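Survey of secondary and tertiary structure
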Amino acid sequence: TCGVSCTYDGDANGDGDINVSDVVTMIDGILAGAGDACSSDVNGDGVVNVTDVVIVVQTILGGSARSDINDANQVDIIVTNDSIELDANGFVGGVQMTLSHGANFSIDLVDAFVSDYRTTDNVTTLIVVTDNKSLEYIATVNGSFKIESAIVVNSNQEISDQSIVELKGLELNLAGPNPFNPSTSLNVVVPEAGNVTVKIYNI
């Protein structure tokens, strides 16, 4: 809780400057389940999370109200047997997720400006924040898991219109012939009804 002198300025380490050291301090606090709400709660909502980190990163890069960013206001979190991805209608600056899983679980996060996670028992909290390009790919995973909570942020606020789309049972069956010339057929099998996009590339 903050006193009357709290500035909510993002100077998480209290050194008088706002830079990447503050981002590291904020991430450590979030992953440890703690955080100084007075210095790290940049948007003043009483919670320190990835939203505050994204705002500090955008501030370091030139301000959170950047005219070159087309912020997303809708996002789907796409979960497959081995990956977590985002499908958004604009810029996504960061994501924070809590995953529950068994002991035989591993995760490899995308290489980003911030890309970190912490596992305690069978619960993993991850944070990924970009510095310029919108986030699409989040992680490669091995083992079954469930997303317990997710916060997805554009350049300055949480995206409230979000949904989790599980494609864990996705199968692609090539009916034949293979190799083919000039045509072939295939079946896409999904575990439940919904919108599916299939992209075919000529390599």
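Here, the structure is the one placed above.
Residues numbered from 1 in each chain as written. Predicted model: local features only at pLDDT ≥ 70, side-chain atom pairs only at ≥ 80, totals over all residues. Heavy atoms only, no water.

With respect to unusual backbone geometry
Here D121, not a glycine, exhibits a phi torsion of approximately 55 degrees, which is positive. One can find D121 in the loop between β5 (114-120) and β6 (123-129). Take D121: its relative accessible area is 71%, and that puts it in the exposed class. (Helix = DSSP H or I, 4+ residues; strand = E, 2+ residues; numbered from the N terminus. Buried < 20%, exposed > 50% of the residue type's maximum accessible area, 1.4 Å probe, protein only.)

Quick look at the sheet that holds strand β4 (residues 106-109)
What the five strands build is an open sheet, ordered β4-β7-β2-β1-β9; its pairing is mixed. At either end of the open sheet lies a strand with only one pairing partner, and these are β4 and β9 (161-166). On average, each strand axis in the sheet is tilted by 20 degrees relative to the strand beside it, whichever way the strands run. Pairing of β4 with strand β7 (residues 137-142) involves four bridges; the strand directions are antiparallel. (Pairing = 2+ DSSP bridges. Axes fitted to C-alpha atoms, helices over the stretch in contact; angles between N-to-C directions.)

Some words on the sheet that holds β5
Through backbone hydrogen bonds, the strands of a sheet pair up, either in parallel or in antiparallel fashion. Across the sheet, which stays open at both edges, the four strands sit in the order β5-β6-β3-β8 with antiparallel pairing between neighbours. Among the strands making up the open sheet, the edge pair consists of β5 and β8 (145-153). With direction set aside, neighbouring strand axes in the sheet form an average angle of 10 degrees. Bridge analysis of β5 against β6 gives seven bridges, and the strand direction is antiparallel. Its bridge partner lying in β6, Y117 is registered against L126. Along the sheet, helix α1 (residues 20-31) contacts β3 (94-101), β5 and β6; its crossing angle with β5, the most-contacted strand, is approximately 25 degrees. Helix-sheet contacts for helix α3 (residues 50-60) involve β3, β6 and β8, and the interaxial angle to β6 is about 20 degrees. (Contact = heavy atoms within 4.5 Å.)

Focus on the environment of Q157
For Q157, the position within the fold is in the loop between β8 and β9. By relative accessible area, which is 47% here, Q157 ends up partly exposed. C-alpha of Q157 to C-alpha of V50: the two residues are 107 residues apart in sequence and 9.5 Å apart in space.

Digging into the environment of M26
Among the structural elements, M26 can be located in helix α1. Among all residues touching M26, those that are not within four sequence positions of it are A12, S40, V42, D52, V53 and V56.

Digging into α1
For α1, which comprises 12 residues, the first-to-last C-alpha distance of 17 Å matches the rise-based estimate of 16 Å (1.5 Å per residue) to within 8%. Here α1 has its buried residues at D22, V23, M26, I27, G29, I30 and L31. Of the residues flanking the end of α1, it is G33, one or two places downstream, whose phi is positive at about 80 degrees. (Expected span 1.5 Å × (residues − 1).)

With respect to the layout of surface pockets
Within this model, the second largest pocket holds a volume of roughly 160 Å³. Every residue along the wall of the second largest pocket is listed here: V110, D111, A112, F113, T130, D131, N132, K133, S134, L135, E136 and Y137. Partitioned by chemical class, the residues of the lining of the second largest pocket number five nonpolar, three polar and four charged. (1 Å grid on protein atoms, 1.4 Å probe; cavity = no way out; pocket = protein on both sides within 12 Å on 5 of 7 lines; lining within 4 Å. Points joined across faces, edges and corners; volume = space filled by probe spheres on them. Nonpolar A, V, L, I, M, F, W, Y, C, P; charged D, E, K, R; others polar.)

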